[in-house]
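One-letter residues, chain by chain:
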Amino acid sequence: MNAEKLAASEISKAEVLSIIDVEHLISVLIDANVPLDLWGKNGAKTVDHLFDEILNKKTELALNDSGEIERRIEASLVEVIHVSKGATVYGLKEDKQILNDGSVIKRELSTTLEERMTYGESPDSTALKILNEELDIDSYDEFMEFRSRTMIEPSRNYPGLITYYKTQPYMVSIDAKSFKPDGYIKTQPDKTSFYVWDIING
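Residues numbered from 1 in each chain as written. Predicted model: local features only at pLDDT ≥ 70, side-chain atom pairs only at ≥ 80, totals over all residues. Heavy atoms only, no water.

Participant: With reference to specific residues and values, describe the pattern of salt bridges.
Facilitator: Summed over all chains, the structure comprises nine salt bridges. Among the ionic pairs, Asp190 bridges to Lys191, the shortest N-O distance being 3.7 Å. Residue Asp190 is classed as partly exposed on the basis of its relative accessible area of 43%. By relative accessible area, which is 17% here, Lys191 ends up buried. (Salt bridge = Lys/Arg side-chain N within 4 Å of Asp/Glu carboxyl O. Buried < 20%, exposed > 50% of the residue type's maximum accessible area, 1.4 Å probe, protein only.)

Participant: Describe the packing of aromatic side chains, naming the residues involved and giving the relevant values.
Facilitator: Each aromatic ring pair is described using two quantities: the centre-to-centre distance and the angle formed by the ring planes. In total, this model carries seven aromatic pairs according to the counting rule given. Between Tyr140 and Phe143 the ring centres are 5.8 Å apart and the planes differ by 45 degrees, which places this aromatic pair in the tilted class. Relative accessible area serves as the criterion here: at 25%, Phe143 is assigned to the partly exposed category. Between Phe179 and Trp197 the ring centres are 5.0 Å apart and the planes differ by 50 degrees, which places this aromatic pair in the tilted class. Of this pair, Phe179 sits in the loop between β9 (162-173) and β10 (184-187) while Trp197 sits in strand β11 (residues 191-201); the two residues are 18 residues apart in sequence, bridging distant segments of the chain. Since its relative accessible area comes to 12%, Trp197 is described here as buried. (Phe/Tyr/Trp six-rings, centres within 6.5 Å; stacked < 30°, edge-to-face > 60°. Helix = DSSP H or I, 4+ residues; strand = E, 2+ residues; numbered from the N terminus.)

Participant: Before we move on, can you summarise the packing of helix α1 (residues 22-31) against helix α2 (residues 47-55) with the specific residues and values?
Facilitator: One way to put it is that α1 packs onto α2 with a least axis distance of 10 Å and a crossing angle of 110 degrees. With respect to each other, α1 and α2 are oriented roughly perpendicular. As for the relative orientation of α1 and α2, their crossing is right-handed in sense. Residues Val22, Leu25, Ile26 and Leu29 of α1 pack against Val47, Asp48, Leu50, Phe51 and Ile54 of α2. In terms of residue class, the contact of α1 with α2 is built from eight nonpolar, no polar and one charged. (Axes fitted to C-alpha atoms, helices over the stretch in contact; angles between N-to-C directions. Parallel < 35°, antiparallel > 145°, perpendicular 65-115°, else oblique. Left-handed = near helix turned anticlockwise from the far one by under 90°. Contact = heavy atoms within 4.5 Å. Nonpolar A, V, L, I, M, F, W, Y, C, P; charged D, E, K, R; others polar.)

Participant: Describe the side chain of Glu94, and please don't skip the residues or the numbers.
Facilitator: Secondary-structure assignment places Glu94 in strand β4 (residues 89-99). The buried category is assigned to Glu94, whose relative accessible area is 5%. One polar contact links Glu94 to Gln97, side chain to side chain, over a distance of 2.9 Å. Separated by 3.5 Å, the side chains of Glu94 and Arg107 make a polar contact. Setting aside residues up to four positions removed in sequence, Glu94 forms contacts with Arg107, Leu109, Thr112, Ser193, Phe194 and Tyr195. (Polar contact = N/O pair within 3.5 Å; in protein donor to acceptor, adjacent residues only side chain to side chain.)

Participant: Give a description of the side chain of Ser178 that names residues and reports values.
Facilitator: Counting through the fold element by element, Ser178 comes out in the loop between β9 and β10. Here Ser139 takes part through its side chain, which lies 3.0 Å from a polar atom of the side chain of Ser178. With residues near it in sequence (within four places) discarded, Ser178 still touches Ile137, Ser139 and Tyr184.

Written as structure tokens, this is what we have:
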């Protein structure tokens, strides 16, 4: 199978696998000749990590006609903007994360928010949920949906697996009530995230 990025129309039909436990997952991966000796090394994740993704419905595994295992994930992407009364357009971005140990991670994301969907959850509800949970925004002027995109590429986290990554992009124009000129701060148990505005037009 060509491991290069492909168009969504080229995605093969495959049988979704029902994984019972970690031992079953290992057996399935071995049968598909996945090089598990490379997992858990040099930044690669472990079988336990993959099983947790499956258990939490953040990943599905499927077996295609060629006997290859396919990892399938879906995410909602949310671009947050604000248009002022003077017609200045602001775009929100995640500037950095400060971890509890004091280390700083600078963020260079192509969109404001990204959240992997739980299988069975709609992209719309995922987008609105992360907007509320990350930025405490529950009111907006406009909520726009764009065409979904799918990329197929070798997994960096799980060597030997092909990842089908489907994203559903949205743009949310927030109202004056939700607009904070100084940006937003989200504190979580392991880190604090900082969001700031850029002027896009105006």
